[in-house]
Amino acid sequence: MITRHNLAEQLREYQIRTKHDWASASIFSSSSNFTSRVDVVIFVIWELVILAFLVLSAVSLYFRHMRLAFILICITLLLLSVKEQEGIFVDC
């Protein structure tokens, strides 16, 4: 029979098991698919590269370099599609 005590105990055990999960991975998925720190480092590097391209495209739009902004946005979308195809992107 399920009681509050059993549920509370299961919740405590689950929290202890998942205590060391990475916060950046849990933003995109309810279940973490990372098996090592190397996976997390690769994930963070991909995110920083994509963020850098988005910032550069915003800066180039600010300075009215439309062609450069368009190229950077296309590169960012290409990186996102490559990231998703290679399985680097965490399944939602």
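Residues numbered from 1 in each chain as written. Predicted model: local features only at pLDDT ≥ 70, side-chain atom pairs only at ≥ 80, totals over all residues. Heavy atoms only, no water.

Peer 1: Honestly, the confidence of the model for the protein chain in this entry has me stumped. Any pointers?
Peer 2: Averaged over all residues, the pLDDT of the protein chain is 78; the fraction at 70 or higher stands at 74%. Looking at the elements of the protein chain, mean pLDDT is at its lowest for helix H2 (residues 23-28), recorded as 49, and at its highest for helix H3 (residues 37-62), recorded as 90. (pLDDT = per-residue confidence, 0-100. Helix = DSSP H or I, 4+ residues; strand = E, 2+ residues; numbered from the N terminus.)

Peer 1: Is there a simple way to think about the side chain of serine 57 in this case?
Peer 2: As for its placement among the helices and strands, serine 57 is situated in helix H3. Residue serine 57 is classed as buried on the basis of its relative accessible area, which comes to 5%. (Buried < 20%, exposed > 50% of the residue type's maximum accessible area, 1.4 Å probe, protein only.)

Peer 1: Looking at this structure, I do not really get the packing of aromatic side chains. What am I missing?
Peer 2: Centre-to-centre distance and the angle between the planes together describe a pair of aromatic rings. In total, this model carries one aromatic pair according to the counting rule given. Measuring from ring centre to ring centre gives 5.1 Å for tyrosine 62 and phenylalanine 63, while their planes differ by 80°; the resulting arrangement is edge-to-face. Accessibility expressed as a relative area gives 65% for tyrosine 62, which makes it exposed. The class of phenylalanine 63 is exposed, set by a relative accessible area of 52%. (Phe/Tyr/Trp six-rings, centres within 6.5 Å; stacked < 30°, edge-to-face > 60°.)

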